[in-house]
Amino acid sequence: MWSIYRRYRLLIVGQRDDEIASAFAGAVVDVLARFLPTSRAQLARAADTRRVGVLIGTDQQDVAIMAAESAEALFLAKPPFDDIRNVPLRLIVSFGSHVLVCRPDFMARHAYLLAQTLAEHKDALPTPAGAPEGVVPAHRGSHAFFAGEEMPND
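Residues numbered from 1 in each chain as written. Predicted model: local features only at pLDDT ≥ 70, side-chain atom pairs only at ≥ 80, totals over all residues. Heavy atoms only, no water.

Draft legend 1. Representation of the overall build of the protein chain within the structure. For the protein chain, the helix and strand inventory stands at 6 helices and 5 strands. Helices and strands in the protein chain line up, N terminus first, as α-β-α-β-α-β-α-β-β-α-α. By the compact-globule yardstick of 15 Å for 154 residues, the protein chain fits well, its C-alpha radius of gyration being 14 Å. Taken along the three principal axes of its C-alpha coordinates, the protein chain extends 35 × 30 × 25 Å. A burial count over the protein chain gives 48% of its 154 residues as buried. Within the protein chain, contacts between residues separated by at least 24 positions form 69% of all contacts whose residues are at least 6 apart in sequence. Total accessible area computed for the protein chain in this model is approximately 7700 Å², and 50% of it derives from carbon and sulfur atoms. (Helix = DSSP H or I, 4+ residues; strand = E, 2+ residues; numbered from the N terminus. Rg over C-alpha atoms; globule rule 2.2 N^0.38 Å. Buried < 20%, exposed > 50% of the residue type's maximum accessible area, 1.4 Å probe, protein only. Contact = heavy atoms within 4.5 Å. Areas by Shrake-Rupley, 256 points an atom, 1.4 Å probe, with all protein chains shown as cover.)

Draft legend 2. Representation of the sheet that holds strand 1 (residues 11-15). The sheet built from 5 strands is open, its strands ordered 2-1-3-5-4 with mixed pairing. Edge positions in the sheet fall to strand 2 (42-46) and strand 4 (90-94), since each has one partner strand and no second. Strand after strand, the sheet turns through a mean of 35° between neighbouring axes, direction not considered. As paired elements, strand 1 and strand 2 share 5 bridges and run parallel to each other. (Pairing = 2+ DSSP bridges. Axes fitted to C-alpha atoms, helices over the stretch in contact; angles between N-to-C directions.)

Draft legend 3. Layout of the confidence of the model for the protein chain. Of the residues in the protein chain, 95% have a pLDDT of 70 or more, and the chain-wide mean is 92. In the model, residues 1-6 has pLDDT below 50 throughout and makes 9 contacts with residues more than four positions away in sequence or in other chains. (pLDDT = per-residue confidence, 0-100.)

Draft legend 4. Here's a closer look at the pairing of strand 1. The buried count for strand 1 comes to 5 of 5 residues, which makes it a mostly enclosed element. Both faces of strand 1 are covered, namely the face carrying Leu11, Val13 and Gln15 and the face carrying Ile12 and Gly14. Of the pairings in the sheet, the one linking strand 1 to strand 3 (residues 63-67) comprises 2 bridges and is parallel in character. In the strand pairing of strand 3, Ile12 is matched with Val63.

Draft legend 5. How the structure looks around the pattern of salt bridges. Considering all chains together, one arrives at 6 salt bridges under this definition. In this structure, Asp154 and Arg140 form a salt bridge, with 3.0 Å as the shortest nitrogen-oxygen distance. Taken together, the residues span a long stretch of sequence, with Asp154 in the segment after helix 6 (140-146) and Arg140 in helix 6 at a distance of 14 residues. One salt-bridge network, held together by shared partners, links Asp59, Asp62, Arg103 and Asp105. (Salt bridge = Lys/Arg side-chain N within 4 Å of Asp/Glu carboxyl O.)

Shown next as C-alpha cells:
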C-alpha cells in the first residue's frame, strides 16, 4: 500500500526532535507544493535522525532532510548508524547545516527538478538551497542541474 502511495506523492521526511530539520522539511514541502505542484509533496515526520536513516537506508522512504553530519554518519556507517552498512546515500541540495538526501535509485529527472525548484525559490526557504557539498556524493540529477547540464531523461 505504501509503495503505491509513494508512487503518486513525494514524501519529505523530517524529524520531530530537530526543530531546524523540521522547519526545513516544512519549508521544502511548501515550496514544492507552490512551485512544483505535480510533486504532490507532503511532510512525513520520523522520531529522530536514527529513524530517518533507517527509513532511507531500508528503502521505506525516498527523500528526507537530515543534519549534514548525520547524513555523513549514515553514508560512512558511523554512530548512530554503525549497524546500517552500505547505504548508498546521495544529496540533492545543501542548506548548510542540513541536507536533502535520497538514494541513487531516485529518478535523476526528479532530483534535477527538486534541485532546480528549491534553488530558484531560495527566498522561500530558511536558508537558500545550494549545490551539495561534503563527503556524501551529489545525486546525478542534482549534479546535472548545478553543473548547468540538461535534465536527465530517465
